[in-house]
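Structural features, examined
Below are the chains, spelled out letter by letter.
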Amino acid sequence: MGTGTGKGKTILFGEHFVVYGYPALAAGIAAETVAVVTRKEEPGWTLDDQRPEMPGYKKEKAEEQRISIENVLRFCGIDVSKQGIHIEFGGNLVCASGIGASAASCVALARALNDEFGLGFDDEKINEAAYEGEKGYHGTPSGIDNTASTFGGLVWYVRNLEGGPPTFERIKLSRGVDLVIAATGLTASTREVVGDVRRKKESNPEWFKEIVTEYDGLVRSAREALIALDLKKVGELMNRNHELLQELTVSCEELDNLVGIARENGALGAKLTGTGRGGNMIALAESPQAAQDIGEALKRGGAAAVWITSFGL
Ligand code: MEV
């Protein structure tokens, strides 16, 4: 029996822009997916997916998950045509769009296979295997989700558009920063939303250029403000990042509603996180108590789930 884990993540700045080579900031969160792999006599692979989920998530993603598992097995060189394997997913990461659930399961699976078959993979190689898995969920993943899921912590990530290894840097803050994550309960297709943004970019390059040029300056200021722990500034930049994502048309009424509630209830800033058009939003809080208060307000305002976490240490 082999086991492995992958962390959930939240994108603080840069979803969608990261696909086109602009920097992004992401943070691993404490919740994780656990994979257990056991060998069986019969050929092929079977799956028992016990992860907690937002209603409908697993059904919606089942076919993408199948391709993803095949991709990870292929990358790891595991041939199940004679002797098969049974995979079990569990852990406390609730599957929802925007929290890195797909990446966490790919990382966990790669680590469990590494454990069971003695592949000798280090974290870099686990990350590569998970990236192949992520391709099952959408054709052109930036790699930020699997990287944040493999390494955890606060990550500055720039995709290499030539196909080479990305630039990624781990940033350590001098204290943890409080964050609230809230779910709309809607499952989004990353493949569809990323594809839609790409079509819009191609049909109106000038419009896209203007938005990404502003974003590029914004994320660099956010990095400096985070390191300086100027959270008021970080919050303002999150608010503006959300507006840029609205211009990209990846927000939705449910996300905008939760973002508004968080801001009215003391958040320093709030924005959607991840794919958008459903999934999750995040709110920056100035203290653990403020995070609790914002979380309560989000629950009262109809969030399907709320998680209080922190990042940066
Ligand atoms: C999804 O969590 C983040 C996106 O930027 C897609 C990607 O980076 O591959 C929307």
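Each remark here, short or long, concerns the structure printed above.
For the structure given in this document, a descriptive report is provided here. (Residues numbered from 1 in each chain as written. Predicted model: local features only at pLDDT ≥ 70, side-chain atom pairs only at ≥ 80, totals over all residues. Heavy atoms only, no water.)

1. Overview of the overall build of the protein chain
Operational definition: Helix and strand assignments follow DSSP, with helices taken as H or I runs no shorter than four residues and strands as E runs no shorter than two, numbered in order from the N terminus. To get the radius of gyration, use the C-alpha atoms; to get the globule rule, take the number of residues to the power 0.38 and multiply by 2.2 Å. Each residue gets one of three labels from its accessible area relative to the maximum for its type: buried under 20%, exposed over 50%, partly exposed in between, using a 1.4 Å probe on protein chains only. Contacts are residue-level and defined by heavy atoms, with any inter-residue pair within 4.5 Å sufficient. Per-residue and other accessible areas follow the Shrake-Rupley method at a 1.4 Å probe size, with only the shown protein chains counted as cover for residues. The sign given to each residue is positive for Lys and Arg and negative for Asp and Glu; His and the chain ends receive no count. Charge coordinates come from a single atom per side chain, which is NZ of Lys, CZ of Arg, CG of Asp or CD of Glu.
A tally of helices and strands in the protein chain yields nine helices and 10 strands. Since a compact globule built from 313 residues should have a radius of gyration of about 20 Å, the 19 Å found for the protein chain is in line with a globular shape. Taking the principal axes of its C-alpha atoms as reference, the protein chain extends roughly 60 × 40 × 35 Å. Going through the 313 residues of the protein chain one by one, you find that 57% of them count as buried. In the protein chain, once contacts between residues fewer than 6 apart in sequence are set aside, the share between residues at least 24 apart is 77%. On the protein chain, roughly 12700 Å² of surface is accessible, and the fraction owed to carbon and sulfur atoms is 47%. Each charge class in the protein chain can be summarised by its mean position, and for the 34 positive and 44 negative side chains these summaries are 2 Å apart.

2. Here we look at the site of the ligand
Which entries qualify depends on this criterion: Residues are labelled near a given molecule or strand when at least one of their non-hydrogen atoms is within 4 Å of it. Counted as a polar contact is a pair of N or O atoms within 3.5 Å, where, for protein atoms, one must be capable of donating a hydrogen and the other of accepting one, and residues adjacent in sequence contribute only when both atoms are in side chains. Following the grouping adopted for this structure description, the nonpolar residues are Ala, Val, Leu, Ile, Met, Phe, Trp, Tyr, Cys and Pro, the charged ones are Asp, Glu, Lys and Arg, and the polar ones are all others, Gly among them. Boundaries between domains were set according to an automatic or database domain assignment.
Not every one of the 14 residues close to the ligand is listed here, only the nearest: His16, His138, Pro141, Ser142 and Asp145. Between aspartate 145 and the ligand, the recorded distance is 2.8 Å, taken from a side-chain N or O atom to an oxygen atom. Here the ligand loses 96% of its free accessible area of 300 Å² to cover by the protein chains. Elements that contribute at least two residues to the shell around the ligand include exactly strand S1 (2-13) and helix H4 (144-151). By residue class, the composition of the shell around the ligand is six nonpolar, five polar and three charged. A domain split of the shell around the ligand shows at least three residues from each of domain 1 (2-171) and domain 2 (177-311).

3. Remarks on the pairing of strand S4 (residues 84-91)
Where we set the bar: Strands pair, by our definition, only if DSSP identifies at least two bridges between them. Here, the term right-handed applies to a crossover whose path from the first strand over the helix to the second runs clockwise when the strands point away from the viewer.
Here strand S2 (residues 24-40) pairs with S4 via eight bridges, running antiparallel. Considered in S4, the bridge of valine 34 is made with glycine 90. With five bridges connecting them, strand S3 (residues 45-49) and S4 associate as parallel partners. Bridging across to S4, aspartate 48 finds its partner in glutamate 88. In this fold, S3 hands off to helix H1 (residues 57-76), which returns the chain to S4; that crossover is left-handed.

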